[in-house]
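Chain and residue survey
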Amino acid sequence: MARRRGWGGRPPVDDAEATQRIVAAAVELIARSGTEISIADVAQSLGVIRQTVYRYFASADALMRAAAIASVEGFLDRLADRVSGIGDPAEAMVDGVVFTLAEVRRTPHLGILLSSTYSDPHPEVIASGEARAFGMTMIRRFDVDWESYGYDDESLGELVEFVLRTMQSFFVSPGDPPRSDDELRRYLRRWMGTAILAQKPLELHPPM
């Protein structure tokens, strides 16, 4: 009887479907609660025991990373909508950072791709290749002509690292009390925005 109740009475046909359904359940639970969840939470929602979930994901970190990756495309689409039409790099980046921080507060598993593991934060991961690649994907969605503002691939990569480190500081210590979105936007526009606009235009034809 218990076996029929598991998986909502519809056992997966193979491991691929099982994995997909576990990740979908994790994404749904996080979206519903807006807080961290456990392997036990996911197992209960699927009507299976924890060992069933552990068969496909060795840890909560592994499952939450899979949930984050599954949610990335939707997040990037929402980010692109938020900064659509903003050609100024400072304004676009400030709005993008404020939006991202708000999204991570609502869907904490997204923060894994930007900062650390789910259950045991490691600040050094903010500068990992995975985090920088995700950051580059984010800003490539902006309607900014980066080259006209002096950014080549190298300097754009450094900008991504700088912004990731800035966001990390707000992940770790949001402030007491935390700034509102409008207050944070003013703060970032004054300090981070100034740094972004300080980049010198590229010399397309350097003097002989």
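Residues numbered from 1 in each chain as written. Predicted model: local features only at pLDDT ≥ 70, side-chain atom pairs only at ≥ 80, totals over all residues. Heavy atoms only, no water.

Here we take up the overall build of the protein chain. Helices and strands together make up the secondary structure of the protein chain, namely 9 helices and 0 strands. Ordering the α and β elements of the protein chain from the N terminus gives α-α-α-α-α-α-α-α-α. Considering the protein chain as a whole, with its 208 residues, one finds that 41% of them fall into the buried category. Restricting the contact set of the protein chain to residue pairs at least 6 apart, pairs at least 24 apart contribute 69%. For the protein chain, the computed accessible surface area is about 11700 Å², with 53% contributed by carbon and sulfur atoms. (Helix = DSSP H or I, 4+ residues; strand = E, 2+ residues; numbered from the N terminus. Buried < 20%, exposed > 50% of the residue type's maximum accessible area, 1.4 Å probe, protein only. Contact = heavy atoms within 4.5 Å. Areas by Shrake-Rupley, 256 points an atom, 1.4 Å probe, with all protein chains shown as cover.)

Between the first and last C-alpha of helix α8 (residues 153-172) there are 29 Å, a value that for 20 residues agrees with the 28 Å anticipated at 1.5 Å per step. Every buried residue of α8 is accounted for by Ser155, Leu156, Leu159, Val160, Val163, Leu164, Thr166, Met167, Gln168 and Phe170. Packed against the buried residues of α8 are α6 (89-106), α7 (129-139) and α9 (181-197). Capping of α8 at its N-terminal end is provided by Asp152; its side-chain oxygen lies 3.3 Å from the backbone amide nitrogen of Glu154. (Expected span 1.5 Å × (residues − 1). Polar contact = N/O pair within 3.5 Å; in protein donor to acceptor, adjacent residues only side chain to side chain.)

Before going further, it helps to examine the packing of aromatic side chains. Following the criterion strictly, the structure yields 4 aromatic pairs and no others. Relative to Phe134, the ring of Phe75 has its centre 6.1 Å away and its plane inclined at 40°; by these criteria the two rings are tilted. Highlighted residues: Phe75 in helix α5 (residues 60-83) and Phe134 in helix α7, separated in sequence by 59 residues. Measuring from ring centre to ring centre gives 5.5 Å for Trp146 and Tyr151, while their planes differ by 85°; the resulting arrangement is edge-to-face. Taken individually, Trp146 and Tyr151 each receive the classification buried, so the pair is uniform in this respect. Members of the aromatic cluster, each reached through a chain of ring pairs, are Phe75, Phe99 and Phe134. (Phe/Tyr/Trp six-rings, centres within 6.5 Å; stacked < 30°, edge-to-face > 60°.)

Bringing the nonpolar core into the picture now. Core analysis: the largest hydrophobic core is formed by 36 residues, its most contacted members being Met93, Phe142 and Trp146. Looking at this core, the elements with two or more residues in it are α5, α6, α7, α8 and α9. Here the element with the most residues in this core is α6; it accounts for 8 residues. Beyond its immediate sequence surroundings of up to four residues, Met93 is in contact with Ile139, Phe142, Trp146, Leu159, Val163, Met192 and Ile196. By size, the runner-up hydrophobic cluster in this structure holds 22 residues, among which are Val42, Ala43, Leu46 and Phe57. (Core = buried A, V, L, I, M, F, W, Y, C linked by side-chain atoms within 4.5 Å.)

One pass over the full model with this rule turns up 1 cavity of 30 Å³ or more. Forming the walls of the largest cavity are Met93, Gly96, Val97, Thr100, Gly135, Met138, Ile139, Phe142, Val160, Val163, Leu164 and Met167. Those elements that provide at least two residues to the lining of the largest cavity are α6, α7 and α8. Of the residues that constitute the lining of the largest cavity, the class distribution is 9 nonpolar, 3 polar and no charged. (1 Å grid on protein atoms, 1.4 Å probe; cavity = no way out; pocket = protein on both sides within 12 Å on 5 of 7 lines; lining within 4 Å. Points joined across faces, edges and corners; volume = space filled by probe spheres on them. Nonpolar A, V, L, I, M, F, W, Y, C, P; charged D, E, K, R; others polar.)

On average, residues of the protein chain carry a pLDDT of 85, and 86% of them reach 70 or more. Looking across the protein chain, the model is least confident in helix α1 (residues 2-5), with a mean pLDDT of 48, and most confident in helix α4 (residues 50-56), with 96. Low pLDDT, under 50, characterises residues 119-125; the stretch is placed with 9 contacts to residues that sit more than four places away or in other chains. (pLDDT = per-residue confidence, 0-100.)

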